[in-house]
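Spelled out, the chains give:
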Amino acid sequence: PYASFPIPVEAIDRLEIVRGPMSVIYGSGAVFGAINIITNSIPDQVNEEVFSKFATTSYGSRNTREVNGGLDFTRERINLSFNGQLFNSDGLDQPFSRFLNDTVNTSETTKEKLPVTQRYVNLSLSLKNKSEELQTTMDLVSSNEERGIFESTVASSNDFCNCPLPQANPNAEGSINRTTSTYGAIQLNYNPTRTNINYTTRLNLYSFNTAIDYNAGGNRFGLSSFSSRALEGEISVSPI
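Residues numbered from 1 in each chain as written. Predicted model: local features only at pLDDT ≥ 70, side-chain atom pairs only at ≥ 80, totals over all residues. Heavy atoms only, no water.

**Quick look at the environment of Leu-140**
Just so we agree on the cut-off: Here a helix means four or more residues in a row that DSSP labels H or I, a strand means two or more in a row labelled E, and each is numbered from the N terminus. Think of it in three bands: residues with accessible area under 20% of the maximum for their type are buried, residues over 50% are exposed, and the middle band is partly exposed, with areas taken using a 1.4 Å probe on protein chains only. Only heavy atoms enter the contact rule, under which two residues are in contact if any of them lie within 4.5 Å.
Structurally, the position occupied by Leu-140 is in strand S7 (residues 134-149). By relative accessible area, which is 38% here, Leu-140 ends up partly exposed. Filtering out sequence-adjacent residues up to four positions away, Leu-140 remains in contact with Val-121, Asn-122, Leu-123, Thr-182 and Tyr-183.

Next up, the structure:
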């Protein structure tokens, strides 16, 4: 879900959409296609010194605050790019009766029970040695979201369980869905001038965690969590 990767629009340079199975390149999740979000960066072929930056801020209803910022810097053999975002909102404020038909009559609303907080950081650094034969590239992308949710369970019984399920209680504390995504990579490109062969070594690390603390009917149902981590390496030799 895009909410797990809250990349600010100001940080996006372009989008690449590839249709069809992309599992070989992008992993088992890319069955029907892939969307590659490319953030701002300075092309490698830029030789002059560049320093650009941006910052935006906004405020809106539901006490929504957003701050975005970034910079691009290149000088001689150093290339640095940074993008960041901080987003906060009090969330929807509506009577529970608009969403639930299994609650008691109440004037309670969803105020302060559905907050949203998002944080995003993207950092890229590229270094070349003096002869420019060796280039080291490091990438880090980290995002975190905390989103208030309300889990409703209808009071009913069925053929499989003759025990009533707990009713949703607007007075119960809200639940928070916490999601953290991290991607890190380091790549070495070695292209000796005396040969026509390029050597590339790359190491990627992926980490994804999500957890929900359920509350319904005034009862706490514990923690539902999911965690996924992957590490992959690649070594390639190719003529140029």
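So, next bit.
**Some points on a nonpolar patch on the surface**
Applied cut-off: Patches draw on residues past 30% relative accessible area with no salt bridge. Two like charges within 9 Å are joined, as are two nonpolar side chains (Val, Leu, Ile, Met, Phe, Trp, Tyr) within 5 Å. Each accessible area is a Shrake-Rupley estimate made with a 1.4 Å probe; only the visible protein chains count as cover when residues are assessed. Throughout this description, the term salt bridge denotes a Lys or Arg side-chain nitrogen within 4 Å of a carboxyl oxygen of Asp or Glu.
The grouping of Ile-78, Leu-127, Leu-134, Met-138, Ile-186, Leu-188, Leu-203, Leu-205 and Leu-231 at the surface amounts to a nonpolar patch, some 730 Å² of accessible area in total. At the level of secondary structure, the elements contributing two or more residues to the nonpolar patch comprise S7, strand S8 (175-190) and strand S9 (197-216). Checked against the element boundaries, Leu-231 lands in strand S10 (residues 219-239). Given the relative accessible area of 63%, Leu-231 is considered exposed.

**Concerning the packing of aromatic side chains**
Counted only if it meets this: Stacked, edge-to-face and tilted are the three classes for Phe, Tyr and Trp ring pairs, Trp counted by its six-membered ring, which pair at centre distances within 6.5 Å; planes under 30 degrees apart are stacked, over 60 edge-to-face, the rest tilted.
Scanning the model with the defined rule gives four aromatic pairs in all. Seen from their ring centres, Phe-51 and Phe-73 are 6.2 Å apart, and the 70° between their planes marks the pair as edge-to-face. Highlighted residues: Phe-51 in strand S3 (residues 50-60) and Phe-73 in strand S4 (residues 64-75), separated in sequence by 22 residues. Take Phe-73: its relative accessible area is 22%, and that puts it in the partly exposed class.

**Some details on the pairing of strand S6 (residues 116-128)**
Stated formally: Only when DSSP finds a minimum of two bridges between them are two strands counted as paired.
Two elements, strand S5 (residues 78-89) and S6, share twelve bridges in a ladder whose sense is antiparallel. Directly across from Leu-86, in S6, lies its bridge partner Arg-119. Here S6 pairs with S7 via 13 bridges, running antiparallel. Across the sheet, Ser-124 pairs through a bridge with Asp-139, a residue of S7. Hairpin remark: S6 followed by S7, antiparallel, with five residues in the connecting loop; positive phi at Glu-132, about 60°.

**Quick notes on the side chain of Thr-137**
Here Thr-137 lies in strand S7. Using a relative accessible area of 18% as the deciding quantity, one classes Thr-137 as buried. Sequence-distant contacts of Thr-137, that is, excluding residues within four places in its chain, are made with Leu-125, Ser-126, Ala-185, Ile-186 and Gln-187.

**What about the pattern of salt bridges?**
All told, the structure shown has four salt bridges when counted by the stated rule. As a salt-bridge pair, Asp-13 and Arg-14 come within 3.0 Å of each other at their nearest N and O atoms. For Asp-13, a relative accessible area of 45% gives the class partly exposed. The shortest N-O distance in the salt bridge between Arg-178 and Glu-146 comes to 4.0 Å.

**Observations concerning the pairing of S5**
Bridge count between S4 and S5: eleven bridges; the pairing is antiparallel. Within S5, the position partnered with Leu-71 by the bridge is Phe-82. Where S4 hands over to S5, the hairpin turn is made up of two residues, of which Glu-76 adopts a positive phi near 55°.

**Quick look at the confidence of the model for the protein chain**
Heads up, the condition is: Scored from 0 to 100, pLDDT reflects the predictor's confidence in each residue.
Within the protein chain, residue pLDDT values average 78, and 73% of them lie at 70 or more. Every residue in residues 152-170 is under pLDDT 50, and counting partners more than four places away or in other chains gives 41 contacts.

**Details of the environment of Ser-224**
You can see Ser-224 is positioned in strand S10. The class for Ser-224 is partly exposed, based on a relative accessible area of 34%. For the pair formed by Ser-224 and Ile-212, sequence separation is twelve residues and the distance between their alpha carbons is 5.2 Å.

**Looking at the environment of Leu-15**
Take Leu-15: it is sitting in strand S1 (residues 12-19). Assessed through its relative accessible area of 52%, Leu-15 is described here as exposed. For the pair formed by Leu-15 and Asn-36, sequence separation is 21 residues and the distance between their alpha carbons is 5.8 Å. Apart from residues no more than four positions distant in its own chain, Leu-15 is found in contact with Asn-36 and Ile-37.

**So, the side chain of Asn-68**
Test applied: Think of a polar contact as two N or O atoms within 3.5 Å of one another; within protein, one of them needs to be a possible hydrogen donor and the other a possible acceptor, and neighboring residues in sequence only count if both atoms come from side chains.
Relative to the elements of secondary structure, Asn-68 occurs in strand S4. Look at Asn-68 and you get buried, because its relative accessible area is 3%. A polar contact of 3.1 Å, which involves the side chain of Asn-68, links it to the side chain of Glu-66. Setting aside chain neighbours within four positions, we find Asn-68 in contact with Pro-8, Glu-10, Phe-54, Ala-55, Thr-56, Gly-84 and Gln-85.

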